[in-house]
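Residue strings, one per chain:
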Amino acid sequence: MNLHFRRHGSMRQRCHADASSFALRARFGAHRVLAHPFQILIVAALSVIGFSIVNASSILAADSGFPEEWFFEGMETMRTNLEGNPAIELSTDTWIGDSTTLDDCRGKVVVLDFWATWCGPCVASIPKNIEMVKTHPDDLMFIGMHSATSGWDKAPQMVEDREINYPVVLDTGETGEAYGINAFPTYIIIDRAGIVRAAGVKPTHVKTIVEQLIEESGPARRKLEFAAFDRAWFYAGAERMRAWQDQVGKPARPIKARAWWKPGNQSGSGEVSSEENNDTGAEDNIDAQVAAESESEDGLPNAPEGLRDAELDGVVRVLHFTRPGMAITKMQLKTINEAATKYAPQGVAFVVICDHQSDWDATQAFASEAELNIAMALDAAAQSKIIDETAKPVDETTKPTGVTAEPAVENDDNAASATNPSEVQPREAGRTAQSYHVRVAPVTVVIDRKGRIRATGLKLEQLGEALNLLLAEQAG
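Residues numbered from 1 in each chain as written. Predicted model: local features only at pLDDT ≥ 70, side-chain atom pairs only at ≥ 80, totals over all residues. Heavy atoms only, no water.

J.: What is the right way to look at unusual backbone geometry in this model?
T.: What you tend to see is this: most non-glycine residues have negative phi, and most peptide bonds are trans. The omega torsion across Phe 184 and Pro 185 is -10 degrees, close enough to zero to call that bond cis. Following the sequence through the fold, Pro 185 ends up in the loop between β7 (183-184) and β8 (186-190). If you check the backbone angles, Glu 163 has positive phi at about 55 degrees while not being a glycine. With respect to the helices and strands, Glu 163 occurs in the loop between α5 (155-161) and β6 (168-171). According to the relative accessible area criterion, Glu 163 is exposed, its value standing at 63%. (Helix = DSSP H or I, 4+ residues; strand = E, 2+ residues; numbered from the N terminus. Buried < 20%, exposed > 50% of the residue type's maximum accessible area, 1.4 Å probe, protein only.)

The following block contains the structure:
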(Lines give C-alpha, C1' and ligand atoms only; values in the text may rest on other atoms or scores of the structure.)
Protein backbone atom coordinates (compact mmCIF):
# COMPACT_ATOMS: atom_id res chain seq x y z
CA MET A 1 0.00 0.00 0.00
CA ASN A 2 1.50 3.30 -1.08
CA LEU A 3 0.79 6.66 0.51
CA HIS A 4 1.24 9.55 -1.89
CA PHE A 5 1.68 13.06 -0.56
CA ARG A 6 0.60 15.94 -2.73
CA ARG A 7 -0.52 19.45 -1.93
CA HIS A 8 -2.76 21.38 -4.29
CA GLY A 9 -2.96 24.60 -2.33
CA SER A 10 -5.66 25.96 -0.10
CA MET A 11 -9.19 26.46 -1.38
CA ARG A 12 -11.51 29.30 -0.53
CA GLN A 13 -14.65 28.41 1.38
CA ARG A 14 -17.82 28.63 -0.69
CA CYS A 15 -20.65 28.13 1.78
CA HIS A 16 -21.17 27.58 5.47
CA ALA A 17 -23.30 24.99 7.23
CA ASP A 18 -25.67 26.36 9.82
CA ALA A 19 -27.42 24.86 12.82
CA SER A 20 -30.73 24.46 11.01
CA SER A 21 -29.11 22.30 8.35
CA PHE A 22 -27.64 20.06 11.06
CA ALA A 23 -31.08 19.64 12.56
CA LEU A 24 -32.61 18.92 9.19
CA ARG A 25 -30.08 16.13 8.65
CA ALA A 26 -30.89 14.70 12.06
CA ARG A 27 -34.59 14.69 11.21
CA PHE A 28 -34.58 13.65 7.56
CA GLY A 29 -31.23 11.94 6.95
CA ALA A 30 -32.33 8.43 7.82
CA HIS A 31 -29.26 6.86 6.24
CA ARG A 32 -26.66 9.52 6.89
CA VAL A 33 -24.25 10.40 9.65
CA LEU A 34 -23.56 13.93 10.82
CA ALA A 35 -20.14 15.06 9.61
CA HIS A 36 -18.75 16.10 12.98
CA PRO A 37 -19.41 14.80 16.52
CA PHE A 38 -20.15 18.34 17.74
CA GLN A 39 -23.10 18.47 15.33
CA ILE A 40 -24.81 15.76 17.38
CA LEU A 41 -24.49 17.94 20.49
CA ILE A 42 -25.80 20.93 18.59
CA VAL A 43 -28.85 19.00 17.38
CA ALA A 44 -29.56 17.71 20.88
CA ALA A 45 -29.29 21.19 22.35
CA LEU A 46 -31.58 22.66 19.74
CA SER A 47 -34.14 19.94 20.39
CA VAL A 48 -34.12 20.66 24.13
CA ILE A 49 -34.71 24.37 23.74
CA GLY A 50 -37.41 23.79 21.12
CA PHE A 51 -35.57 25.29 18.23
CA SER A 52 -37.88 26.01 15.32
CA ILE A 53 -36.46 24.70 12.10
CA VAL A 54 -36.95 26.87 9.06
CA ASN A 55 -38.69 24.99 6.28
CA ALA A 56 -35.93 24.34 3.78
CA SER A 57 -38.42 23.84 0.96
CA SER A 58 -38.60 27.61 0.61
CA ILE A 59 -35.04 27.55 -0.74
CA LEU A 60 -35.05 26.71 -4.41
CA ALA A 61 -32.43 24.18 -5.45
CA ALA A 62 -30.78 24.22 -8.82
CA ASP A 63 -32.60 22.32 -11.53
CA SER A 64 -30.28 19.39 -12.17
CA GLY A 65 -32.69 17.58 -14.44
CA PHE A 66 -32.80 14.62 -12.06
CA PRO A 67 -35.83 13.71 -9.88
CA GLU A 68 -35.94 15.43 -6.50
CA GLU A 69 -36.44 12.12 -4.71
CA TRP A 70 -32.94 11.09 -5.79
CA PHE A 71 -31.49 13.67 -3.38
CA PHE A 72 -31.38 13.91 0.41
CA GLU A 73 -33.75 16.48 1.85
CA GLY A 74 -32.34 19.73 3.16
CA MET A 75 -29.82 19.97 0.30
CA GLU A 76 -31.32 23.00 -1.43
CA THR A 77 -28.59 25.47 -0.46
CA MET A 78 -25.77 23.12 -1.39
CA ARG A 79 -27.35 22.30 -4.73
CA THR A 80 -27.98 25.94 -5.56
CA ASN A 81 -24.36 26.80 -4.75
CA LEU A 82 -22.79 23.91 -6.63
CA GLU A 83 -24.92 22.56 -9.47
CA GLY A 84 -24.22 24.12 -12.83
CA ASN A 85 -20.90 25.60 -11.68
CA PRO A 86 -17.32 24.38 -12.22
CA ALA A 87 -16.24 21.88 -9.58
CA ILE A 88 -13.96 23.17 -6.83
CA GLU A 89 -10.45 21.69 -6.88
CA LEU A 90 -9.50 19.33 -4.06
CA SER A 91 -7.40 20.49 -1.12
CA THR A 92 -5.40 17.56 0.19
CA ASP A 93 -2.02 16.32 1.37
CA THR A 94 -2.34 12.55 1.51
CA TRP A 95 -3.56 9.99 -1.00
CA ILE A 96 -3.99 6.23 -0.85
CA GLY A 97 -3.60 5.21 -4.47
CA ASP A 98 -2.71 7.43 -7.40
CA SER A 99 -3.07 11.15 -6.78
CA THR A 100 -4.91 13.31 -9.28
CA THR A 101 -6.67 16.65 -9.71
CA LEU A 102 -10.11 17.46 -11.04
CA ASP A 103 -8.45 19.26 -13.91
CA ASP A 104 -6.63 16.04 -14.82
CA CYS A 105 -9.98 14.23 -14.77
CA ARG A 106 -11.52 16.36 -17.52
CA GLY A 107 -13.12 14.06 -20.06
CA LYS A 108 -14.41 11.64 -17.43
CA VAL A 109 -17.41 11.70 -15.14
CA VAL A 110 -16.17 12.24 -11.57
CA VAL A 111 -17.80 11.14 -8.31
CA LEU A 112 -16.61 12.72 -5.07
CA ASP A 113 -17.68 10.57 -2.12
CA PHE A 114 -17.34 12.50 1.14
CA TRP A 115 -17.13 9.77 3.78
CA ALA A 116 -15.43 8.47 6.95
CA THR A 117 -14.40 5.05 8.24
CA TRP A 118 -16.64 5.50 11.28
CA CYS A 119 -19.71 6.17 9.09
CA GLY A 120 -21.81 3.00 8.77
CA PRO A 121 -23.79 4.05 5.67
CA CYS A 122 -20.52 5.12 4.00
CA VAL A 123 -18.86 1.77 4.55
CA ALA A 124 -22.02 -0.05 3.43
CA SER A 125 -21.85 1.80 0.08
CA ILE A 126 -18.26 0.78 -0.70
CA PRO A 127 -19.18 -2.43 -2.63
CA LYS A 128 -21.46 -0.39 -4.93
CA ASN A 129 -18.68 2.13 -5.48
CA ILE A 130 -16.23 -0.64 -6.38
CA GLU A 131 -18.69 -2.15 -8.83
CA MET A 132 -19.24 1.21 -10.57
CA VAL A 133 -15.50 1.65 -11.07
CA LYS A 134 -15.19 -1.87 -12.49
CA THR A 135 -18.09 -1.26 -14.89
CA HIS A 136 -16.79 2.09 -16.22
CA PRO A 137 -12.97 2.00 -16.01
CA ASP A 138 -12.47 4.43 -18.91
CA ASP A 139 -15.31 6.87 -18.29
CA LEU A 140 -15.47 7.24 -14.50
CA MET A 141 -13.12 8.63 -11.86
CA PHE A 142 -14.27 7.84 -8.34
CA ILE A 143 -12.57 9.61 -5.41
CA GLY A 144 -13.22 8.87 -1.74
CA MET A 145 -12.72 12.13 0.19
CA HIS A 146 -12.26 11.15 3.84
CA SER A 147 -13.29 13.40 6.71
CA ALA A 148 -10.58 15.61 8.18
CA THR A 149 -11.91 15.20 11.71
CA SER A 150 -11.17 11.57 12.63
CA GLY A 151 -10.98 7.99 11.37
CA TRP A 152 -8.23 8.37 8.80
CA ASP A 153 -5.88 6.09 10.77
CA LYS A 154 -8.17 3.18 9.88
CA ALA A 155 -8.42 4.09 6.18
CA PRO A 156 -5.33 2.26 4.82
CA GLN A 157 -6.39 -1.04 6.39
CA MET A 158 -9.97 -0.61 5.21
CA VAL A 159 -8.80 0.08 1.64
CA GLU A 160 -6.73 -3.12 1.73
CA ASP A 161 -9.34 -5.33 3.44
CA ARG A 162 -12.19 -4.24 1.17
CA GLU A 163 -10.05 -4.09 -1.97
CA ILE A 164 -11.11 -0.56 -2.78
CA ASN A 165 -10.20 0.10 -6.42
CA TYR A 166 -10.35 3.90 -6.42
CA PRO A 167 -8.16 6.58 -4.78
CA VAL A 168 -8.95 7.56 -1.21
CA VAL A 169 -7.76 10.93 0.06
CA LEU A 170 -7.60 12.74 3.38
CA ASP A 171 -9.38 16.09 3.19
CA THR A 172 -7.57 19.00 4.82
CA GLY A 173 -11.01 20.23 5.82
CA GLU A 174 -11.05 22.96 3.22
CA THR A 175 -12.61 20.85 0.48
CA GLY A 176 -15.51 19.83 2.70
CA GLU A 177 -16.05 23.45 3.70
CA ALA A 178 -15.91 24.65 0.10
CA TYR A 179 -18.54 22.10 -0.94
CA GLY A 180 -20.70 22.74 2.13
CA ILE A 181 -20.44 19.19 3.51
CA ASN A 182 -22.09 18.62 6.88
CA ALA A 183 -23.13 14.94 6.74
CA PHE A 184 -21.80 11.67 5.39
CA PRO A 185 -22.04 10.17 2.91
CA THR A 186 -22.40 13.08 0.51
CA TYR A 187 -21.95 12.38 -3.19
CA ILE A 188 -20.99 15.14 -5.64
CA ILE A 189 -21.20 14.12 -9.31
CA ILE A 190 -19.27 16.09 -11.94
CA ASP A 191 -19.63 15.79 -15.72
CA ARG A 192 -16.87 15.45 -18.31
CA ALA A 193 -16.54 19.22 -18.71
CA GLY A 194 -15.85 19.72 -14.99
CA ILE A 195 -19.33 21.02 -14.11
CA VAL A 196 -21.15 19.87 -10.97
CA ARG A 197 -24.34 18.19 -12.12
CA ALA A 198 -25.68 16.66 -8.91
CA ALA A 199 -24.93 17.33 -5.22
CA GLY A 200 -26.26 15.44 -2.20
CA VAL A 201 -27.34 12.35 -4.14
CA LYS A 202 -28.64 9.33 -2.25
CA PRO A 203 -26.30 6.31 -2.59
CA THR A 204 -29.04 4.31 -4.31
CA HIS A 205 -29.14 6.74 -7.25
CA VAL A 206 -25.47 7.54 -7.80
CA LYS A 207 -25.02 4.77 -10.37
CA THR A 208 -28.04 5.90 -12.41
CA ILE A 209 -26.83 9.50 -12.62
CA VAL A 210 -23.29 8.43 -13.48
CA GLU A 211 -24.53 6.27 -16.34
CA GLN A 212 -26.75 9.05 -17.67
CA LEU A 213 -23.83 11.50 -17.69
CA ILE A 214 -21.58 8.98 -19.38
CA GLU A 215 -24.23 8.35 -22.03
CA GLU A 216 -24.91 12.03 -22.73
CA SER A 217 -21.22 12.84 -23.09
CA GLY A 218 -20.12 9.95 -25.28
CA PRO A 219 -16.84 8.05 -25.01
CA ALA A 220 -14.05 9.58 -22.92
CA ARG A 221 -11.63 9.39 -25.83
CA ARG A 222 -13.65 12.00 -27.74
CA LYS A 223 -12.28 15.51 -27.48
CA LEU A 224 -14.26 17.85 -25.26
CA GLU A 225 -16.15 20.50 -27.16
CA PHE A 226 -16.50 22.93 -24.31
CA ALA A 227 -14.37 22.40 -21.20
CA ALA A 228 -14.81 24.79 -18.30
CA PHE A 229 -11.82 26.69 -16.93
CA ASP A 230 -10.90 26.46 -13.26
CA ARG A 231 -12.34 29.40 -11.33
CA ALA A 232 -8.91 29.90 -9.71
CA TRP A 233 -7.64 30.98 -13.14
CA PHE A 234 -9.66 34.22 -12.89
CA TYR A 235 -9.23 37.39 -10.90
CA ALA A 236 -11.80 37.30 -8.06
CA GLY A 237 -12.39 33.59 -8.77
CA ALA A 238 -16.03 32.54 -8.52
CA GLU A 239 -17.04 36.11 -7.65
CA ARG A 240 -15.85 37.58 -10.95
CA MET A 241 -18.23 39.82 -12.84
CA ARG A 242 -21.56 38.17 -13.53
CA ALA A 243 -21.71 39.62 -17.06
CA TRP A 244 -18.36 37.99 -17.80
CA GLN A 245 -19.66 34.62 -16.68
CA ASP A 246 -22.87 35.05 -18.69
CA GLN A 247 -21.02 35.76 -21.94
CA VAL A 248 -19.02 32.51 -21.85
CA GLY A 249 -19.93 30.52 -24.97
CA LYS A 250 -21.38 33.53 -26.80
CA PRO A 251 -19.97 34.71 -30.15
CA ALA A 252 -16.97 37.02 -29.97
CA ARG A 253 -17.62 40.62 -30.97
CA PRO A 254 -15.68 42.35 -33.76
CA ILE A 255 -12.94 44.79 -32.85
CA LYS A 256 -13.99 48.37 -33.58
CA ALA A 257 -10.75 50.34 -33.75
CA ARG A 258 -10.11 53.92 -34.78
CA ALA A 259 -6.47 53.04 -35.53
CA TRP A 260 -4.18 50.01 -35.78
CA TRP A 261 -0.48 49.52 -35.14
CA LYS A 262 1.51 46.63 -36.59
CA PRO A 263 4.62 44.99 -35.11
CA GLY A 264 7.81 46.12 -36.81
CA ASN A 265 6.81 49.77 -37.07
CA GLN A 266 9.63 51.77 -35.54
CA SER A 267 8.40 55.24 -36.43
CA GLY A 268 5.90 55.42 -33.62
CA SER A 269 3.21 56.65 -35.97
CA GLY A 270 -0.21 55.43 -36.94
CA GLU A 271 -3.45 56.52 -38.49
CA VAL A 272 -6.55 57.64 -36.63
CA SER A 273 -9.68 57.46 -38.75
CA SER A 274 -11.07 60.76 -39.90
CA GLU A 275 -14.36 59.98 -38.18
CA GLU A 276 -12.80 60.06 -34.73
CA ASN A 277 -9.48 61.91 -34.73
CA ASN A 278 -10.31 64.08 -31.73
CA ASP A 279 -7.83 64.76 -28.92
CA THR A 280 -5.00 62.65 -30.31
CA GLY A 281 -3.01 65.09 -32.37
CA ALA A 282 -2.51 62.34 -34.91
CA GLU A 283 -4.58 63.69 -37.81
CA ASP A 284 -1.45 64.72 -39.71
CA ASN A 285 0.62 61.79 -38.50
CA ILE A 286 -0.36 59.06 -40.98
CA ASP A 287 1.78 56.10 -41.93
CA ALA A 288 0.38 54.01 -44.78
CA GLN A 289 2.39 50.99 -43.69
CA VAL A 290 0.67 51.00 -40.29
CA ALA A 291 -2.78 52.17 -41.30
CA ALA A 292 -5.42 49.66 -42.31
CA GLU A 293 -5.74 49.24 -46.05
CA SER A 294 -9.38 50.34 -46.24
CA GLU A 295 -12.30 51.46 -44.16
CA SER A 296 -15.24 49.35 -43.05
CA GLU A 297 -18.87 50.29 -43.63
CA ASP A 298 -19.00 52.26 -40.38
CA GLY A 299 -16.06 54.42 -41.42
CA LEU A 300 -13.52 52.72 -39.16
CA PRO A 301 -10.32 51.20 -40.55
CA ASN A 302 -10.30 47.48 -41.19
CA ALA A 303 -8.10 45.21 -39.12
CA PRO A 304 -4.63 44.37 -40.45
CA GLU A 305 -4.13 41.31 -42.58
CA GLY A 306 -4.50 38.13 -40.54
CA LEU A 307 -6.93 39.67 -38.07
CA ARG A 308 -9.96 40.19 -40.28
CA ASP A 309 -13.12 38.25 -39.55
CA ALA A 310 -12.87 36.03 -42.61
CA GLU A 311 -9.34 35.01 -41.59
CA LEU A 312 -10.14 34.10 -37.99
CA ASP A 313 -12.26 31.01 -38.61
CA GLY A 314 -10.74 28.17 -36.58
CA VAL A 315 -8.25 30.50 -34.86
CA VAL A 316 -7.80 30.80 -31.09
CA ARG A 317 -7.59 34.47 -30.10
CA VAL A 318 -6.39 36.54 -27.15
CA LEU A 319 -7.65 40.10 -26.65
CA HIS A 320 -5.85 42.09 -23.97
CA PHE A 321 -7.62 45.32 -22.99
CA THR A 322 -5.17 47.78 -21.49
CA ARG A 323 -4.76 51.41 -20.55
CA PRO A 324 -1.32 52.77 -21.47
CA GLY A 325 0.25 54.88 -18.76
CA MET A 326 -0.72 52.61 -15.86
CA ALA A 327 2.14 51.24 -13.78
CA ILE A 328 1.12 47.67 -14.55
CA THR A 329 0.79 48.11 -18.32
CA LYS A 330 4.44 47.59 -19.22
CA MET A 331 4.72 44.52 -17.01
CA GLN A 332 1.62 42.87 -18.44
CA LEU A 333 2.48 43.67 -22.05
CA LYS A 334 5.82 41.98 -21.50
CA THR A 335 3.98 38.86 -20.32
CA ILE A 336 1.58 38.98 -23.28
CA ASN A 337 4.53 39.48 -25.63
CA GLU A 338 6.24 36.37 -24.27
CA ALA A 339 3.02 34.36 -24.68
CA ALA A 340 2.70 35.55 -28.28
CA THR A 341 6.27 34.49 -29.02
CA LYS A 342 5.39 30.96 -27.90
CA TYR A 343 1.83 30.60 -29.18
CA ALA A 344 1.59 32.76 -32.31
CA PRO A 345 3.58 30.16 -34.30
CA GLN A 346 0.94 27.65 -33.17
CA GLY A 347 -1.76 29.76 -34.79
CA VAL A 348 -2.98 31.89 -31.87
CA ALA A 349 -3.87 35.50 -32.79
CA PHE A 350 -3.06 38.22 -30.24
CA VAL A 351 -4.40 41.78 -30.16
CA VAL A 352 -3.76 44.50 -27.57
CA ILE A 353 -6.74 46.86 -27.39
CA CYS A 354 -5.90 50.25 -25.92
CA ASP A 355 -8.40 52.41 -24.08
CA HIS A 356 -10.01 54.78 -26.57
CA GLN A 357 -8.78 57.84 -24.65
CA SER A 358 -5.16 56.71 -24.79
CA ASP A 359 -2.40 59.00 -26.07
CA TRP A 360 -1.92 57.12 -29.36
CA ASP A 361 1.40 58.71 -30.32
CA ALA A 362 2.94 57.89 -26.94
CA THR A 363 1.44 54.39 -27.00
CA GLN A 364 2.92 53.60 -30.42
CA ALA A 365 6.31 54.95 -29.39
CA PHE A 366 6.19 52.73 -26.30
CA ALA A 367 5.19 49.68 -28.37
CA SER A 368 8.10 50.21 -30.77
CA GLU A 369 10.56 50.76 -27.94
CA ALA A 370 9.35 47.61 -26.16
CA GLU A 371 9.62 45.63 -29.42
CA LEU A 372 6.01 44.54 -29.08
CA ASN A 373 5.31 41.70 -31.51
CA ILE A 374 1.51 41.92 -31.21
CA ALA A 375 -0.92 43.99 -33.25
CA MET A 376 -2.34 46.90 -31.29
CA ALA A 377 -5.67 48.67 -31.73
CA LEU A 378 -6.94 52.01 -30.45
CA ASP A 379 -10.52 51.34 -29.42
CA ALA A 380 -13.25 53.36 -31.11
CA ALA A 381 -15.07 55.94 -29.05
CA ALA A 382 -18.12 54.80 -27.14
CA GLN A 383 -21.53 54.97 -28.71
CA SER A 384 -24.60 56.33 -26.99
CA LYS A 385 -25.84 52.83 -26.22
CA ILE A 386 -24.24 49.43 -25.91
CA ILE A 387 -23.95 47.67 -29.24
CA ASP A 388 -24.28 44.20 -27.77
CA GLU A 389 -27.91 43.46 -28.55
CA THR A 390 -27.97 40.68 -25.95
CA ALA A 391 -26.99 42.99 -23.11
CA LYS A 392 -29.44 44.88 -20.95
CA PRO A 393 -29.07 48.57 -20.02
CA VAL A 394 -26.79 49.12 -17.05
CA ASP A 395 -28.35 49.89 -13.71
CA GLU A 396 -25.48 50.92 -11.45
CA THR A 397 -27.52 50.06 -8.35
CA THR A 398 -28.25 46.46 -9.30
CA LYS A 399 -25.31 45.58 -11.59
CA PRO A 400 -27.24 43.37 -14.05
CA THR A 401 -25.67 41.57 -16.99
CA GLY A 402 -24.82 44.73 -18.87
CA VAL A 403 -21.53 46.60 -18.87
CA THR A 404 -19.52 45.83 -15.76
CA ALA A 405 -16.03 46.57 -14.57
CA GLU A 406 -13.08 44.49 -13.43
CA PRO A 407 -11.00 46.23 -10.77
CA ALA A 408 -7.93 47.79 -12.38
CA VAL A 409 -4.60 46.70 -10.98
CA GLU A 410 -1.86 49.17 -10.20
CA ASN A 411 0.50 47.38 -7.86
CA ASP A 412 4.13 46.98 -8.86
CA ASP A 413 4.69 44.40 -6.14
CA ASN A 414 1.89 42.06 -7.18
CA ALA A 415 0.60 42.45 -10.71
CA ALA A 416 -1.88 39.62 -10.34
CA SER A 417 -3.85 40.99 -7.40
CA ALA A 418 -7.09 42.88 -8.03
CA THR A 419 -7.72 46.10 -6.15
CA ASN A 420 -10.92 47.41 -4.66
CA PRO A 421 -13.07 48.93 -7.46
CA SER A 422 -13.53 52.04 -5.33
CA GLU A 423 -9.80 52.77 -5.64
CA VAL A 424 -10.03 53.29 -9.41
CA GLN A 425 -12.32 55.73 -11.14
CA PRO A 426 -13.50 54.00 -14.36
CA ARG A 427 -13.92 56.17 -17.43
CA GLU A 428 -16.25 55.63 -20.34
CA ALA A 429 -15.48 52.39 -22.14
CA GLY A 430 -14.69 52.32 -25.84
CA ARG A 431 -16.89 50.58 -28.38
CA THR A 432 -15.08 47.23 -28.35
CA ALA A 433 -14.69 47.26 -24.59
CA GLN A 434 -18.42 47.90 -24.22
CA SER A 435 -19.27 44.90 -26.36
CA TYR A 436 -17.19 42.67 -24.06
CA HIS A 437 -18.54 44.28 -20.87
CA VAL A 438 -15.15 45.76 -20.00
CA ARG A 439 -15.06 49.22 -18.46
CA VAL A 440 -11.58 49.40 -16.94
CA ALA A 441 -8.30 47.68 -17.62
CA PRO A 442 -6.32 45.46 -17.70
CA VAL A 443 -8.62 42.61 -18.75
CA THR A 444 -7.74 39.54 -20.85
CA VAL A 445 -10.33 37.76 -23.03
CA VAL A 446 -9.78 34.36 -24.68
CA ILE A 447 -11.76 33.16 -27.72
CA ASP A 448 -11.83 29.57 -29.00
CA ARG A 449 -11.60 28.14 -32.54
CA LYS A 450 -15.36 28.40 -33.01
CA GLY A 451 -15.33 32.11 -32.27
CA ARG A 452 -16.86 31.72 -28.79
CA ILE A 453 -15.83 33.74 -25.76
CA ARG A 454 -14.34 31.25 -23.32
CA ALA A 455 -12.83 33.46 -20.62
CA THR A 456 -12.92 37.08 -19.50
CA GLY A 457 -10.74 38.33 -16.66
CA LEU A 458 -8.23 35.50 -16.99
CA LYS A 459 -5.04 35.77 -14.95
CA LEU A 460 -2.06 36.13 -17.24
CA GLU A 461 -0.13 33.44 -15.40
CA GLN A 462 -2.90 31.01 -16.42
CA LEU A 463 -3.00 32.12 -20.06
CA GLY A 464 -0.67 29.35 -21.24
CA GLU A 465 -2.78 26.62 -19.62
CA ALA A 466 -5.95 28.06 -21.16
CA LEU A 467 -4.38 28.23 -24.62
CA ASN A 468 -3.07 24.67 -24.37
CA LEU A 469 -6.60 23.51 -23.63
CA LEU A 470 -8.18 25.47 -26.48
CA LEU A 471 -5.53 24.44 -28.98
CA ALA A 472 -6.26 20.79 -28.13
CA GLU A 473 -9.91 21.23 -29.01
CA GLN A 474 -11.22 20.55 -32.49
CA ALA A 475 -12.67 23.37 -34.55
CA GLY A 476 -15.30 21.22 -36.28
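The discussion continues.
J.: When you look at the pairing of β8 in this model, what are you seeing that I'm missing?
T.: Regular strands place side chains that alternate from one sheet face to the opposite one. With five of its five residues buried, β8 lies for the most part within the structure. On β8, burial covers both faces: Thr 186, Ile 188 and Ile 190 on one face and Tyr 187 and Ile 189 on the other are all buried. Two elements, strand β4 (residues 109-115) and β8, share five bridges in a ladder whose sense is antiparallel. Among the inter-strand pairings, Val 111 is bridged to a residue of β8, identified as Ile 189. Summarising the sheet, β8 and strand β9 (residues 196-201) pair through four bridges and their orientation is antiparallel. Note that in β9 the partner of Tyr 187 across the bridge is Val 201. Between β8 and β9, which pair antiparallel one after the other, the connecting turn spans five residues, and Gly 194 there sits at a positive phi close to 85 degrees. (Pairing = 2+ DSSP bridges.)

J.: Sorry, what's going on with the packing of helix α9 (residues 329-343) against helix α12 (residues 463-472) here?
T.: Packed helix pairs are specified by the crossing angle of their axes together with the interaxial distance, meaning the distance between the axes. For the pair α9 and α12, interaxial distance at closest approach is 11 Å and the crossing angle is 30 degrees. On the basis of the axis angle, α9 is roughly parallel to α12. Seen along the crossing, α9 lies across α12 with a hand that is right-handed. Residues Ile 336, Ala 339 and Tyr 343 of α9 lie in contact with α12, whose contacting residues are Leu 463, Gly 464, Leu 467, Asn 468 and Leu 471. Looking at the contact of α9 with α12, its residues break down into six nonpolar, two polar and no charged. (Axes fitted to C-alpha atoms, helices over the stretch in contact; angles between N-to-C directions. Parallel < 35°, antiparallel > 145°, perpendicular 65-115°, else oblique. Left-handed = near helix turned anticlockwise from the far one by under 90°. Contact = heavy atoms within 4.5 Å. Nonpolar A, V, L, I, M, F, W, Y, C, P; charged D, E, K, R; others polar.)

J.: Sorry, what's going on with the packing of aromatic side chains here?
T.: Inspection of the entire model under this criterion finds seven aromatic pairs. Taken together, a centroid distance of 4.5 Å and an interplanar angle of 55 degrees make the contact between Phe 142 and Tyr 166 tilted. A residue pair is termed long-range when its members are at least 10 positions apart, and Phe 142 in strand β5 (residues 140-146) and Tyr 166 in the loop between α5 and β6 qualify at 24 residues. Tyr 166 shares its class with Phe 142; the two are buried. Seen in terms of ring centroids, Phe 142 and Tyr 187 are 6.5 Å apart; in terms of plane orientation they differ by 70 degrees. Their pairing is edge-to-face. With Phe 142 in strand β5 and Tyr 187 in strand β8, this pair connects stretches of sequence that are 45 residues apart. Tyr 187 sits in the buried class, given a relative accessible area of 1%. Three or more aromatic residues joined by ring pairs form one cluster here, namely Phe 142, Tyr 166 and Tyr 187. Sitting over the face of the ring of Phe 71, Arg 79 holds its NZ or CZ atom 3.7 Å from the ring centroid. (Phe/Tyr/Trp six-rings, centres within 6.5 Å; stacked < 30°, edge-to-face > 60°. Lys NZ or Arg CZ within 6 Å of the ring centre and 35° of its normal.)

J.: Can you help me understand the nonpolar core in this one?
T.: Ranked by internal contacts, the top residues of the largest apolar core, which has 58 residues, are Leu 112, Tyr 179, Ile 188, Ile 189, Ile 190 and Val 210. Leaving out residues up to four positions away in the same chain, Val 210 has contacts with Val 109, Val 111, Met 132, Leu 140 and Ile 189. Counting residues in hydrophobic clusters, the runner-up holds 31 residues, among them Trp 233, Leu 333, Ala 455 and Leu 460. (Core = buried A, V, L, I, M, F, W, Y, C linked by side-chain atoms within 4.5 Å.)

J.: Even after reading the chapter, I still don't get the environment of Phe 184, so can you show me in this structure?
T.: Looking at the element boundaries, Phe 184 is found in strand β7. Taking the C-alpha atoms as reference, Phe 184 lies 9.6 Å from Gly 200; in sequence the two are 16 residues apart.

J.: Please explain α12 as it appears in this structure.
T.: Note on helix geometry: an α-helix contains 3.6 residues per turn, so any two residues three or four positions apart are oriented the same way. Within α12 the residues assigned to the buried category are Leu 463, Ala 466, Leu 467, Leu 470 and Leu 471. Each buried residue of α12 lies within a common arc of 130 degrees when the element is viewed along its axis, so the set occupies one face. If you follow the buried residues of α12, they end up packed against β11 (317-322), α9, β12 (349-354), β14 (443-447) and β15 (453-456). (Arc of directions from axis to C-beta.)

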